[in-house]
Amino acid sequence: MKYTVEELAKAVHGSVIGDGAKVIEETRSLDQGAPQAISFAIGEYCEFVPQAKSGAVIVEAPVEGAPMPLIVVENAKVAFAQILEMFHPPVVFPKGIHETAIIGKNVTIGENVSIGPYCVVYDNAIIGDNVVLHPYVYIGHNTRIGDDTVIYAGAIVHENCVIGKRVVLRAKAVIGGEGFGFATENGVHTHIPQVGNVILEDDVEVGACSCIDNATMGSTLVRRGTKIDNLVHLGHNVEIGEDCFLIAQVGIAGSTKCGNHVIFAGQTGCTGHITIGDNVTFAGKTGIIGNVPSDGLYAGYPMRPHKEWLKIEAYQSRLPDMAKTVKKLEKEVARLKEQLEGK
Amino acid sequence: MKYTVEELAKAVHGSVIGDGAKVIEETRSLDQGAPQAISFAIGEYCEFVPQAKSGAVIVEAPVEGAPMPLIVVENAKVAFAQILEMFHPPVVFPKGIHETAIIGKNVTIGENVSIGPYCVVYDNAIIGDNVVLHPYVYIGHNTRIGDDTVIYAGAIVHENCVIGKRVVLRAKAVIGGEGFGFATENGVHTHIPQVGNVILEDDVEVGACSCIDNATMGSTLVRRGTKIDNLVHLGHNVEIGEDCFLIAQVGIAGSTKCGNHVIFAGQTGCTGHITIGDNVTFAGKTGIIGNVPSDGLYAGYPMRPHKEWLKIEAYQSRLPDMAKTVKKLEKEVARLKEQLEGK
Amino acid sequence: MKYTVEELAKAVHGSVIGDGAKVIEETRSLDQGAPQAISFAIGEYCEFVPQAKSGAVIVEAPVEGAPMPLIVVENAKVAFAQILEMFHPPVVFPKGIHETAIIGKNVTIGENVSIGPYCVVYDNAIIGDNVVLHPYVYIGHNTRIGDDTVIYAGAIVHENCVIGKRVVLRAKAVIGGEGFGFATENGVHTHIPQVGNVILEDDVEVGACSCIDNATMGSTLVRRGTKIDNLVHLGHNVEIGEDCFLIAQVGIAGSTKCGNHVIFAGQTGCTGHITIGDNVTFAGKTGIIGNVPSDGLYAGYPMRPHKEWLKIEAYQSRLPDMAKTVKKLEKEVARLKEQLEGK
């Protein structure tokens, strides 16, 4: 595939500085640039543009000394994403229902759908337009899948769930499995039937092998635009707001509710039955054990404001020295006392 | 589905206070109560009963000022679980072996079994009565599945394993994969064949995408009644006692042995080759790096008794202040020394 | 299966001390030894050999007082692994392509291959000689699988990946899913197409439910001989060197590069875009948040050299006492000042 710089700029609504007629044949990162490739640069990476070997670079403002044509856009990363798709059109899966797919009774299937080999779609499910179900996808009874949603191989959506439009479920994701709820009597645990469901709103993404349990009653809910990485666990009745990030291996225990634009970095864990506000960021491995107000950056376990956490960590490094100082002071004070009172 | 309060009380062996003829149509949590719904309340939640809108409430003792009929039982959570099942009978999967299921040689299949689409059951496996295998379940050679066990979509039980009665394996659980055992020679790792198996005793539950490796020799063992959440890892030759809880994302390294009634809260990790007693609880994210006696509550990494951990965490918050105090003391002591000795 | 001690010694190139004609019928660990069984002992375990009940023991040097015949070899663990395989020949899966496997267009399949029930192999894939694909294995478009590789049930290798020779992918492993890369504009996250692939070199092993994402551009890379346990996450563009160990539930964020012979113990997490040298070991639950030079042992979060971490942890335990001492000193110094200056 080949495009001129001009054609690429047009596609991303950018303006060209330099030779718009130059032909670009592939995409590369700036540090691995080549004359036939387009790259992008933002922030401090812009200073590497003058030395880069890329044939063109997408930027957010003119870069002085750039030897190659630039495409200036508002958001270089978004523009580069669009150009990546132009150069790498994804594998297309054939439309229609594969002959080995098993479709239950009273299933509604939209237009332009692709249901792959060995899928199982159970009774009363509703599959929207343009949905792609890759091989071995399981859709439970009464579950509804919104338009333009893509579900990768081996993902499972249990019964009664509601999946929005343009949702992406990656391979082996498990949505709507029964929550971990038990009543304990004389030390013996009896499972409490979890009869609720999971709702994933529009534009949600769930990573490979991530598990979102259904609600005891009501719904476990992930709101519009939230993106969930691989191997994440959401317990029963969790609610996650809009446009959040849950990075790999995060775990959120049952009934916790979280606002919008919250970022949980990798391996963060969150106790159940708490409330988290909007615009909060948790560093990797944070242990969240109480309510968190809106706006803030936290780290550590138990969780502290990030600045305080950094400060305490720094003082911990000095603990051995401080212990020595205290010991020395003890001796000196004892001696002073002796001198004073011994008189 | 509709029941009178009287009918519901009878089903859970409870006694009615108030109007037993009232008709109940659904289940709801107390805070989302509605006149046609039954809820339950225990402990401190009982104080919300007088204001609740529920049509009936299950309790463990009479609540003063309750405007609705109450059902008094010994264990309200267990009773509510029973009532949930009455209102939400689970989806029933058809009995029999689906025509796409592949059954090996010399397989023994009990009565009243449901084997779903695209299951694979290999040679010499034994499937007990009333077992349900959902789609894509894989049962390896010589593996035995006890009566009334339910295995959800895509779960895998490798060869030679022994699964008890009334066991639940959730979607994509992997039981009996080969343990992570290597012999290293000149820095190169050679896999040691892991020829043991996994035994899950009666009433064990294993969550979605949880992995229990087989033993190098002998058996990896989970005893009766233990419940394991999603994304948990048990290494080769681990032994877990009866009625334990392993919450999401817990990892237990090889050959560790643990007693009964132990609770591992989420993301707790445990080193290999150690022994843990009975009735121990580990807070979330605990790092267990040595033997643990029976009876206790632990937290932190490295693990400490919970009280001690709390105390140390509190002192850590005061570290910056303490450092200042020590500095001030140093100066003052120096000055005192000067005054005294300078005389 | 039965072998004489002499036959077993020959197979592992060892020398016999004692009765080489003794017949051995099974393998057992030393502490569960029995007269018909062979065990092995290394390091401090050798002192248990004189009391052991094993019929023969593999060792790395003669053990005084051993009542049973010994087989002396250079590496007892490696030799025992070989003997385990002699006594436990693995279940053999039939050669050929199962009639339910779906094979795309232009797929190249080597000799002596076993492709199990319900596998899906998409267009232009290349499957090497002696490869075993267990049930439900999915091989994406253009992906290449090297000779002698074994892929267990339900594992997925997405399109364009390159899997080396003698690689093992355990059940439900997901290789080459799209990385977690987004461009955020006005708080809304747009997925950046991840058009790279995953390369697993020869002799790599990946555990059950582990997820290795593809690269944004270029390749996510795991080099020769590295062994990855269950439930591990590798982000896009990660590079792991040769002969590393990544124990269960480790997570490595995008674009991090790591050298050879590095050990990540369980639940360790590593931030993105950093570089780790060779021969580094990270204790369980380590939080790696910056570059790490070659050669070293680290622990804690934030990560510290292991010795320093131990020291600080020890001082933390003494914090409450130290706080008391400081308080006492404050009082004493105040009194001394009074005495001195009050004069």
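Residues numbered from 1 in each chain as written. Chains lettered and ligands numbered in written order. Predicted model: local features only at pLDDT ≥ 70, side-chain atom pairs only at ≥ 80, totals over all residues. Heavy atoms only, no water.

Undergrad: How do you make sense of the domain arrangement of chain A when you look at a structure like this?
TA: By a frequent convention, interface size equals the accessible area lost on bringing the separate parts together. Looking at the assigned domains, one finds that chain A contains domain 1 (3–87), domain 2 (155–302) and domain 3 (314–343). For domain 1 of chain A and domain 2 of chain A, the distance between their C-alpha centroids amounts to 38 Å. (Domains from an automatic or database assignment.)

Undergrad: Honestly, the UniProt feature "coiled-coil region" (unreviewed entry) in chain A in this entry has me stumped. Any pointers?
TA: Mapped onto this numbering, the UniProt entry annotates "coiled-coil region" (unreviewed entry) at residues 312–339 of chain A. Between the end C-alpha atoms of residues 312–339 of chain A there is a gap of 37 Å, over a span that is 96% helix and 0% strand. (UniProt positions renumbered as here; feature names shortened; annotations may be inferred. Helix = DSSP H or I, 4+ residues; strand = E, 2+ residues; numbered from the N terminus.)

Undergrad: Just to check I follow, could you spell out the environment of Thr143(A) for this structure?
TA: Residue and element names in this part refer to chain A. Counting through the fold element by element, Thr-143 comes out in the loop between strand E15 (138–139) and strand E16 (144–145). Considered as a pair, Thr-143 and Glu-159 are 16 residues apart in the sequence and their alpha carbons are 5.4 Å apart. Apart from the residues lying within four places of it in its own chain, the contact partners of Thr-143 are Ala-125, Ile-126, Val-157, His-158, Glu-159, Asn-160 and Cys-161. A polar side-chain atom of Thr-143 sits 2.9 Å from the main-chain amide nitrogen of Cys-161. (Contact = heavy atoms within 4.5 Å. Polar contact = N/O pair within 3.5 Å; in protein donor to acceptor, adjacent residues only side chain to side chain.)

Undergrad: I would appreciate a short explanation of the interface of chain C and chain B in the present structure.
TA: On the chain B side, the residues contacting the 63 residues of chain C number 66 residues. Here chain C meets chain B over a buried area of about 5,500 Å², counting both sides, of which 68% is carbon and sulfur. Counting across the interface, chain C meets chain B through three salt bridges. Salt-bridge contacts for Arg304(B) lead to Glu313(C); the nearest nitrogen and oxygen are separated by 3.5 Å. Counting the contacts that link chain C with chain B gives 23 residue pairs in polar contact (both at pLDDT 80 or more). Per-element tally for the side of chain C that touches chain B: the top contributor is helix H4 (residues 319–342) of chain C, with twelve residues. (Buried area = accessible area lost by both parts, 1.4 Å probe. Salt bridge = Lys/Arg side-chain N within 4 Å of Asp/Glu carboxyl O.)

Undergrad: Could you clarify how one ought to interpret the UniProt feature "active site" (unreviewed entry) in chain A in this entry?
TA: Residue and element names in this part refer to chain A. The positions UniProt marks with the feature "active site" (unreviewed entry) are His-236. Position of His-236 relative to the elements: it lies in the loop between strand E29 (233–234) and strand E30 (239–240). Accessibility expressed as a relative area gives 15% for His-236, which makes it buried. Sequence-distant contacts of His-236, that is, excluding residues within four places in its chain, are made with Gly-179, Phe-180, Gly-181, Gln-194, Asp-213, Asn-214, Ala-215, Thr-216, Thr-220, Gly-254 and Ser-255. Polar contacts involving the side chain of His-236 include one to the side chain of Asn-237, which spans 3.4 Å. (Buried < 20%, exposed > 50% of the residue type's maximum accessible area, 1.4 Å probe, protein only.)

Undergrad: Help me out: how do you make sense of the relation of the copies chain C and chain B in this one?
TA: Think of it as a corkscrew move, a rotation about one axis and a shift along it, taking one chain copy to the other. Mapping chain C onto chain B is achieved by rotating through 120° and translating by 0.1 Å along the same axis, at an RMSD of 0.1 Å. The transformation relating the two chain copies, once decomposed into turn and shift, fits a three-fold axis. (Least-squares fit on C-alpha atoms with pLDDT ≥ 70 in both.)

Undergrad: For this particular structure, what's the right way to read the interface of chain A and chain B?
TA: With 66 residues of chain A at the interface, the matching set in chain B holds 63 residues. Buried area between chain A and chain B, summed over both chains or domains, comes out near 5,400 Å², and the portion from carbon and sulfur atoms is 68%. With a shortest N-O distance of 3.3 Å, Glu332(A) and Lys337(B) are connected by a salt bridge. Remark: the boundary between chain A and chain B carries 23 residue pairs in polar contact (both at pLDDT 80 or more). Of all elements in the fold, only strand E22 (182–185), strand E23 (188–191), strand E26 (211–213), helix H3 (306–317) and helix H4 (319–342) of chain A reach the threshold of two or more residues within the side of chain A that touches chain B. Of the residues belonging to the side of chain A that touches chain B, the class tally is 35 nonpolar, 19 polar and twelve charged. (Nonpolar A, V, L, I, M, F, W, Y, C, P; charged D, E, K, R; others polar.)

Undergrad: How should I be thinking about the sheet that holds strand E39 (residues 296–299) of chain A in this particular structure?
TA: The strands making up a sheet associate through hydrogen bonds between their backbones, and the pairing can be parallel or antiparallel. Pairing in this open sheet of twelve strands is mixed, and the strands run E8-E11-E14-E17-E20-E25-E28-E31-E34-E37-E39-E40 (chain A) from one edge to the other. Of all the strands in the sheet, the pair left with one neighbour each is strand E8 (96–97) and strand E40 (304–305) of chain A. (Pairing = 2+ DSSP bridges.)

Undergrad: I'm lost on the environment of His191(C) in this one. Help?
TA: Structurally, the position occupied by His191(C) is in strand E23 (residues 188–191). A relative accessible area of 22% places His191(C) in the partly exposed class. For the pair His191(C) and Cys46(C), spaced 145 residues apart in sequence, the C-alpha to C-alpha distance is 57 Å. Every residue in contact with His191(C), bar those within four places of it in the chain, is listed here: Ala81(A), Arg170(A), Glu205(A), Glu178(C), Gly179(C), Gly181(C) and Phe182(C). A polar atom in the side chain of His191(C) sits 3.4 Å from the backbone oxygen of Gly181(C).

Undergrad: What am I meant to see in the side chain of Asp229(A) here?
TA: Position of Asp229(A) among the secondary structure elements: in the loop between strand E28 (227–228) and E29. Although Asp229(A) is buried, it makes no salt bridge; Arg170(A) carries the closest opposite charge, 7.3 Å away. Here Asp229(A) is in contact with Gly207(A), Ser210(A), Leu246(A), Ile247(A), Ala248(A), Phe180(C), Asp213(C) and His233(C), once residues within four sequence places are set aside. (Lys, Arg positive; Asp, Glu negative; His and termini not counted.)

Undergrad: What is the right way to look at the sheet that holds strand E40 (residues 304–305) of chain B in this model?
TA: All names here are of chain B. Taken together, twelve strands build an open sheet; the order of strands is E8-E11-E14-E17-E20-E25-E28-E31-E34-E37-E39-E40 and the sheet is mixed. The sheet terminates laterally at strand E8 (96–97) and E40, the two strands that pair on one side only. In terms of strand pairing, strand E37 (residues 280–282) meets strand E39 (residues 296–299) through three bridges, oriented parallel. Looking across to E39, one finds that Thr-281 is bridged to Leu-297.

Undergrad: Can you help me understand helix H2 (residues 76–87) of chain C in this one?
TA: Structural remark: α-helix, 3.6 residues per turn; residues separated by three or four positions point the same way. Over its twelve residues, H2(C) extends 16 Å from the first C-alpha to the last, a length consistent with the 16 Å expected when each residue adds 1.5 Å. Those residues of H2(C) that fall on the buried side of the exposure criterion are Ala76(C), Val78(C), Ala79(C), Phe80(C), Ala81(C), Ile83(C), Leu84(C) and Phe87(C). (Expected span 1.5 Å × (residues − 1).)

Undergrad: Mind showing me how you'd approach unusual backbone geometry here?
TA: Most peptide bonds adopt trans geometry, and most residues besides glycine take a negative phi value. All names here are of chain B. With an omega of 0°, the peptide bond between Tyr-301 and Pro-302 qualifies as cis. When you line up the elements, Pro-302 lands in the loop between E39 and E40. One non-glycine residue, Cys-209, adopts positive backbone phi at about 60°. Locating Cys-209 in the fold gives a position in the loop between strand E25 (205–206) and strand E26 (211–213). Taking relative accessible area as the criterion, Cys-209 reaches 0% and is therefore assigned buried.

Undergrad: I would appreciate a short explanation of the pattern of salt bridges in the present structure.
TA: If charged atoms from side chains of opposite charge come close, those side chains can pair. Under the defined criterion, the tally for this structure stands at 36 salt bridges over all chains. Taking the shortest distance from any N to any O, the salt bridge between Arg224(A) and Asp243(A) comes out at 2.9 Å. A residue pair is termed long-range when its members are at least 10 positions apart, and Arg224(A) in the loop between strand E27 (219–222) and E28 and Asp243(A) in the loop between E30 and strand E31 (245–246) qualify at 19 residues. Judged by its relative accessible area of 25%, Arg224(A) falls in the partly exposed class. Residue class for Asp243(A) comes out buried when judged on its relative accessible area of 5%. Ionic pairing is found between Glu308(C) and Arg304(C), a salt bridge with its closest N-O pair at 3.9 Å. Overlapping salt bridges bring together Glu201(A), Arg223(A), Glu239(A) and Lys257(A) as one network.

Undergrad: Help me understand the environment of Leu30(C) in this model?
TA: Residues and elements named next belong to chain C. Structurally, Leu-30 can be placed in the loop between strand E4 (26–27) and strand E5 (37–40). Under the relative-accessibility criterion, Leu-30 is labelled buried at 13%. Residues within four places of Leu-30 in sequence aside, it is in contact with Ser-39, Phe-40, Ala-41, Tyr-45, Phe-48, Val-49, Ala-52, Ser-54 and Val-57.

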